[in-house]
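# Observations on the three-dimensional arrangement
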Amino acid sequence: MSAPASTGTGAGRVVVAVYAVLATAATFRSVVQIARDLDEAPLAYLLSAFAAVVYVVATVALARGGPTARRVARVAIVTELAGVLVVGALSIARPELFPDATVWSGFGQGYGYVPLVLPLVGLWWLRRTRTARPDVDPGR
Amino acid sequence: MWTPLAVAVVALSLVLAGWAAWRTLRDQPVVLRQLLLGAAVEAVLLAQVVVAVVRSAGGDGPADALTFWGYLVTTLAVLPVAAAWAFAERTRWSSVVLLVAALTVGFLQYRVLQVWVGA
(Lines give C-alpha, C1' and ligand atoms only; values in the text may rest on other atoms or scores of the structure.)
Protein backbone atom coordinates (compact mmCIF):
# COMPACT_ATOMS: atom_id res chain seq x y z
CA MET A 1 0.00 0.00 0.00
CA SER A 2 1.42 3.35 -1.00
CA ALA A 3 1.53 6.43 1.19
CA PRO A 4 -1.27 8.93 0.66
CA ALA A 5 -0.61 11.80 -1.70
CA SER A 6 -0.10 15.32 -0.42
CA THR A 7 -3.32 17.21 0.26
CA GLY A 8 -1.69 20.63 -0.07
CA THR A 9 -0.34 20.53 -3.59
CA GLY A 10 -1.86 20.62 -7.07
CA ALA A 11 -5.59 21.28 -6.91
CA GLY A 12 -5.20 20.93 -3.14
CA ARG A 13 -3.58 24.36 -3.10
CA VAL A 14 -6.87 25.82 -4.23
CA VAL A 15 -8.82 23.83 -1.62
CA VAL A 16 -6.43 25.08 1.09
CA ALA A 17 -6.60 28.66 -0.24
CA VAL A 18 -10.41 28.73 -0.15
CA TYR A 19 -10.35 27.18 3.33
CA ALA A 20 -7.90 29.85 4.45
CA VAL A 21 -10.19 32.63 3.20
CA LEU A 22 -13.19 31.12 4.98
CA ALA A 23 -11.17 30.49 8.15
CA THR A 24 -10.03 34.11 8.17
CA ALA A 25 -13.53 35.43 7.52
CA ALA A 26 -15.06 33.22 10.23
CA THR A 27 -12.35 34.05 12.78
CA PHE A 28 -12.63 37.75 12.12
CA ARG A 29 -16.40 37.73 12.33
CA SER A 30 -16.46 35.83 15.61
CA VAL A 31 -13.79 38.02 17.20
CA VAL A 32 -15.75 41.16 16.32
CA GLN A 33 -19.06 39.66 17.48
CA ILE A 34 -17.70 38.37 20.77
CA ALA A 35 -15.64 41.46 21.52
CA ARG A 36 -18.60 43.71 20.87
CA ASP A 37 -21.78 42.15 22.15
CA LEU A 38 -21.63 38.56 23.32
CA ASP A 39 -24.75 39.07 25.45
CA GLU A 40 -26.97 39.82 22.47
CA ALA A 41 -26.80 36.43 20.82
CA PRO A 42 -24.57 34.11 22.86
CA LEU A 43 -25.51 30.93 20.96
CA ALA A 44 -24.91 32.45 17.54
CA TYR A 45 -21.64 34.06 18.57
CA LEU A 46 -20.22 31.02 20.30
CA LEU A 47 -21.16 28.97 17.25
CA SER A 48 -19.32 31.50 15.09
CA ALA A 49 -16.24 31.02 17.24
CA PHE A 50 -16.55 27.23 17.11
CA ALA A 51 -16.97 27.34 13.31
CA ALA A 52 -13.90 29.55 13.05
CA VAL A 53 -11.79 27.06 15.03
CA VAL A 54 -13.02 24.17 12.86
CA TYR A 55 -12.10 26.04 9.67
CA VAL A 56 -8.66 26.95 10.97
CA VAL A 57 -8.01 23.32 11.95
CA ALA A 58 -9.18 22.08 8.54
CA THR A 59 -7.01 24.62 6.72
CA VAL A 60 -3.86 23.75 8.64
CA ALA A 61 -4.46 19.99 8.45
CA LEU A 62 -5.07 20.07 4.69
CA ALA A 63 -2.02 22.24 4.12
CA ARG A 64 0.22 19.91 6.14
CA GLY A 65 -0.95 16.57 4.81
CA GLY A 66 0.35 13.25 6.16
CA PRO A 67 -1.60 10.44 7.85
CA THR A 68 -2.38 12.25 11.14
CA ALA A 69 -3.23 15.52 9.45
CA ARG A 70 -5.57 13.67 7.09
CA ARG A 71 -7.46 12.18 10.03
CA VAL A 72 -7.67 15.58 11.70
CA ALA A 73 -8.82 17.14 8.45
CA ARG A 74 -11.52 14.50 8.00
CA VAL A 75 -12.93 15.05 11.50
CA ALA A 76 -12.87 18.83 11.02
CA ILE A 77 -14.57 18.63 7.63
CA VAL A 78 -17.28 16.23 8.81
CA THR A 79 -17.89 18.56 11.79
CA GLU A 80 -18.23 21.44 9.34
CA LEU A 81 -20.68 19.57 7.18
CA ALA A 82 -22.76 18.60 10.23
CA GLY A 83 -22.56 22.19 11.50
CA VAL A 84 -23.71 23.80 8.29
CA LEU A 85 -26.56 21.30 7.87
CA VAL A 86 -27.82 21.41 11.48
CA VAL A 87 -27.36 25.15 12.02
CA GLY A 88 -28.63 25.87 8.52
CA ALA A 89 -31.82 23.92 9.16
CA LEU A 90 -32.27 25.34 12.69
CA SER A 91 -31.72 28.92 11.55
CA ILE A 92 -34.64 28.51 9.17
CA ALA A 93 -36.92 26.41 11.41
CA ARG A 94 -36.19 28.26 14.68
CA PRO A 95 -34.85 31.71 13.73
CA GLU A 96 -35.42 33.00 17.29
CA LEU A 97 -32.44 30.90 18.39
CA PHE A 98 -30.16 32.97 16.15
CA PRO A 99 -30.89 36.70 16.47
CA ASP A 100 -27.63 37.37 14.62
CA ALA A 101 -26.07 35.41 11.79
CA THR A 102 -23.31 32.81 11.98
CA VAL A 103 -21.23 31.48 9.10
CA TRP A 104 -23.57 28.51 8.98
CA SER A 105 -26.90 30.38 9.07
CA GLY A 106 -29.15 29.68 6.10
CA PHE A 107 -26.73 26.96 4.98
CA GLY A 108 -23.94 29.51 4.56
CA GLN A 109 -26.05 31.92 2.56
CA GLY A 110 -24.09 34.96 3.75
CA TYR A 111 -20.92 33.47 2.33
CA GLY A 112 -22.26 32.48 -1.07
CA TYR A 113 -23.03 28.94 0.16
CA VAL A 114 -19.28 28.29 0.24
CA PRO A 115 -19.64 26.76 3.76
CA LEU A 116 -22.05 24.20 2.31
CA VAL A 117 -20.04 23.28 -0.77
CA LEU A 118 -16.55 23.40 0.71
CA PRO A 119 -16.84 20.38 3.06
CA LEU A 120 -18.04 18.26 0.16
CA VAL A 121 -15.06 19.42 -1.88
CA GLY A 122 -12.79 18.76 1.10
CA LEU A 123 -14.05 15.19 1.58
CA TRP A 124 -13.80 14.54 -2.14
CA TRP A 125 -10.26 15.85 -2.13
CA LEU A 126 -9.24 13.65 0.83
CA ARG A 127 -10.65 10.64 -1.03
CA ARG A 128 -8.99 11.67 -4.25
CA THR A 129 -5.56 11.88 -2.59
CA ARG A 130 -5.72 8.55 -0.76
CA THR A 131 -3.01 7.07 -2.95
CA ALA A 132 0.23 8.68 -4.05
CA ARG A 133 -0.20 7.58 -7.65
CA PRO A 134 -2.52 9.96 -9.45
CA ASP A 135 -2.78 7.50 -12.37
CA VAL A 136 -4.64 5.03 -10.18
CA ASP A 137 -8.31 5.82 -9.86
CA PRO A 138 -8.81 5.94 -6.07
CA GLY A 139 -12.51 5.29 -6.52
CA ARG A 140 -11.99 1.68 -7.65
CA MET B 1 -10.91 56.13 2.46
CA TRP B 2 -11.02 57.73 -0.93
CA THR B 3 -13.51 56.16 -3.35
CA PRO B 4 -11.37 56.53 -6.52
CA LEU B 5 -8.63 54.51 -4.80
CA ALA B 6 -11.18 51.81 -3.92
CA VAL B 7 -12.34 51.76 -7.53
CA ALA B 8 -8.71 51.41 -8.63
CA VAL B 9 -8.14 48.50 -6.22
CA VAL B 10 -11.27 46.69 -7.41
CA ALA B 11 -10.44 47.33 -11.08
CA LEU B 12 -6.82 46.17 -10.75
CA SER B 13 -7.93 43.10 -8.77
CA LEU B 14 -10.39 42.19 -11.48
CA VAL B 15 -7.70 42.59 -14.15
CA LEU B 16 -5.43 40.33 -12.09
CA ALA B 17 -8.28 37.83 -11.64
CA GLY B 18 -9.00 37.87 -15.38
CA TRP B 19 -5.33 37.34 -16.16
CA ALA B 20 -5.16 34.43 -13.72
CA ALA B 21 -8.33 32.93 -15.22
CA TRP B 22 -6.83 33.24 -18.70
CA ARG B 23 -3.66 31.44 -17.59
CA THR B 24 -5.73 28.78 -15.86
CA LEU B 25 -7.59 28.09 -19.09
CA ARG B 26 -4.29 27.86 -20.95
CA ASP B 27 -2.93 25.44 -18.35
CA GLN B 28 -0.18 27.82 -17.23
CA PRO B 29 1.13 28.67 -13.74
CA VAL B 30 1.47 32.10 -12.13
CA VAL B 31 4.30 34.18 -13.63
CA LEU B 32 6.40 36.93 -12.10
CA ARG B 33 4.69 39.67 -14.11
CA GLN B 34 1.41 38.80 -12.40
CA LEU B 35 3.08 39.27 -9.04
CA LEU B 36 4.18 42.74 -10.21
CA LEU B 37 0.54 43.58 -10.89
CA GLY B 38 -0.26 42.16 -7.46
CA ALA B 39 2.39 44.49 -6.01
CA ALA B 40 0.68 47.39 -7.78
CA VAL B 41 -2.60 46.42 -6.11
CA GLU B 42 -0.78 46.35 -2.76
CA ALA B 43 0.69 49.82 -3.43
CA VAL B 44 -2.77 51.29 -4.08
CA LEU B 45 -4.07 49.48 -0.98
CA LEU B 46 -1.29 51.00 1.10
CA ALA B 47 -2.17 54.45 -0.23
CA GLN B 48 -5.75 53.69 0.82
CA VAL B 49 -4.57 52.78 4.32
CA VAL B 50 -2.64 56.07 4.57
CA VAL B 51 -5.71 58.05 3.46
CA ALA B 52 -7.88 56.18 5.98
CA VAL B 53 -5.39 56.78 8.82
CA VAL B 54 -5.14 60.49 8.01
CA ARG B 55 -8.90 60.97 7.70
CA SER B 56 -9.58 58.93 10.86
CA ALA B 57 -7.01 61.03 12.75
CA GLY B 58 -8.87 64.10 11.53
CA GLY B 59 -12.09 62.79 13.05
CA ASP B 60 -13.55 61.70 9.72
CA GLY B 61 -13.22 57.97 10.33
CA PRO B 62 -15.58 55.02 9.85
CA ALA B 63 -18.48 54.50 12.25
CA ASP B 64 -17.46 50.89 12.84
CA ALA B 65 -13.70 51.22 13.30
CA LEU B 66 -13.09 47.64 14.50
CA THR B 67 -14.67 46.05 11.42
CA PHE B 68 -13.11 48.62 9.12
CA TRP B 69 -9.51 48.18 10.25
CA GLY B 70 -9.91 44.42 10.50
CA TYR B 71 -11.03 44.24 6.88
CA LEU B 72 -8.39 46.65 5.62
CA VAL B 73 -5.45 44.92 7.34
CA THR B 74 -6.74 41.50 6.22
CA THR B 75 -6.99 42.75 2.65
CA LEU B 76 -3.33 43.80 2.73
CA ALA B 77 -2.28 40.28 3.76
CA VAL B 78 -4.26 38.33 1.15
CA LEU B 79 -2.13 38.82 -1.96
CA PRO B 80 1.32 38.33 -0.35
CA VAL B 81 0.20 35.12 1.38
CA ALA B 82 -1.57 33.83 -1.74
CA ALA B 83 1.39 34.72 -3.96
CA ALA B 84 3.80 32.75 -1.77
CA TRP B 85 1.38 29.82 -1.62
CA ALA B 86 0.70 29.91 -5.38
CA PHE B 87 4.25 30.46 -6.55
CA ALA B 88 5.47 27.27 -4.90
CA GLU B 89 3.14 25.38 -7.21
CA ARG B 90 4.25 25.30 -10.81
CA THR B 91 0.99 24.03 -12.30
CA ARG B 92 -2.21 25.69 -13.48
CA TRP B 93 -3.55 25.37 -9.93
CA SER B 94 -1.30 28.23 -8.88
CA SER B 95 -3.27 30.39 -11.31
CA VAL B 96 -6.53 29.29 -9.67
CA VAL B 97 -5.13 30.26 -6.24
CA LEU B 98 -4.22 33.71 -7.58
CA LEU B 99 -7.69 33.99 -9.13
CA VAL B 100 -9.34 33.25 -5.78
CA ALA B 101 -7.02 35.70 -3.99
CA ALA B 102 -7.59 38.52 -6.50
CA LEU B 103 -11.38 38.13 -6.31
CA THR B 104 -11.14 38.11 -2.51
CA VAL B 105 -9.17 41.37 -2.50
CA GLY B 106 -11.64 43.05 -4.86
CA PHE B 107 -14.58 41.88 -2.77
CA LEU B 108 -12.95 42.94 0.52
CA GLN B 109 -12.22 46.40 -0.86
CA TYR B 110 -15.86 46.73 -1.82
CA ARG B 111 -16.96 45.60 1.67
CA VAL B 112 -14.51 47.92 3.38
CA LEU B 113 -15.86 50.85 1.37
CA GLN B 114 -19.38 49.92 2.53
CA VAL B 115 -18.20 49.89 6.14
CA TRP B 116 -16.47 53.25 5.68
CA VAL B 117 -19.63 54.96 4.47
CA GLY B 118 -21.61 53.09 7.15
CA ALA B 119 -23.74 50.93 4.87
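Residues numbered from 1 in each chain as written. Chains lettered and ligands numbered in written order. Predicted model: local features only at pLDDT ≥ 70, side-chain atom pairs only at ≥ 80, totals over all residues. Heavy atoms only, no water.

## Focus: the interface of chain A and chain B
- The partner chain B presents 14 residues to the 15 residues of chain A that form the contact.
- A combined buried area of about 1,200 Å² lies between chain A and chain B, and 73% of that area is made up of carbon and sulfur atoms.
- On the chain A side of the contact with chain B, R13, V14 and F28 of chain A bury the most area, a combined 45% of that side's loss.
- At the boundary of chain A with chain B, the tally comes to two salt bridges. (Contact = heavy atoms within 4.5 Å. Buried area = accessible area lost by both parts, 1.4 Å probe. Salt bridge = Lys/Arg side-chain N within 4 Å of Asp/Glu carboxyl O.)

## A short note on the nonpolar core
- Counting residues in each nonpolar core, the largest one holds 36 residues, and the members touching the most others are F68, L79 and V105 of chain B.
- Elements with a minimum of two residues in this core: α1 (11-37) of chain A together with α1 (3-25), α2 (32-57), α3 (65-87) and α4 (92-117) of chain B.
- It is α4 of chain B that contributes the most residues to this core, 10 residues altogether.
- What L79 of chain B contacts, discounting residues up to four positions off in sequence, is L16, G38, V41, E42, L98, A101, A102 and V105 of chain B.
- Core analysis: the second largest hydrophobic core is formed by 31 residues, A61, L62, V84 and W125 of chain A among them. (Core = buried A, V, L, I, M, F, W, Y, C linked by side-chain atoms within 4.5 Å. Buried < 20%, exposed > 50% of the residue type's maximum accessible area, 1.4 Å probe, protein only. Helix = DSSP H or I, 4+ residues; strand = E, 2+ residues; numbered from the N terminus.)

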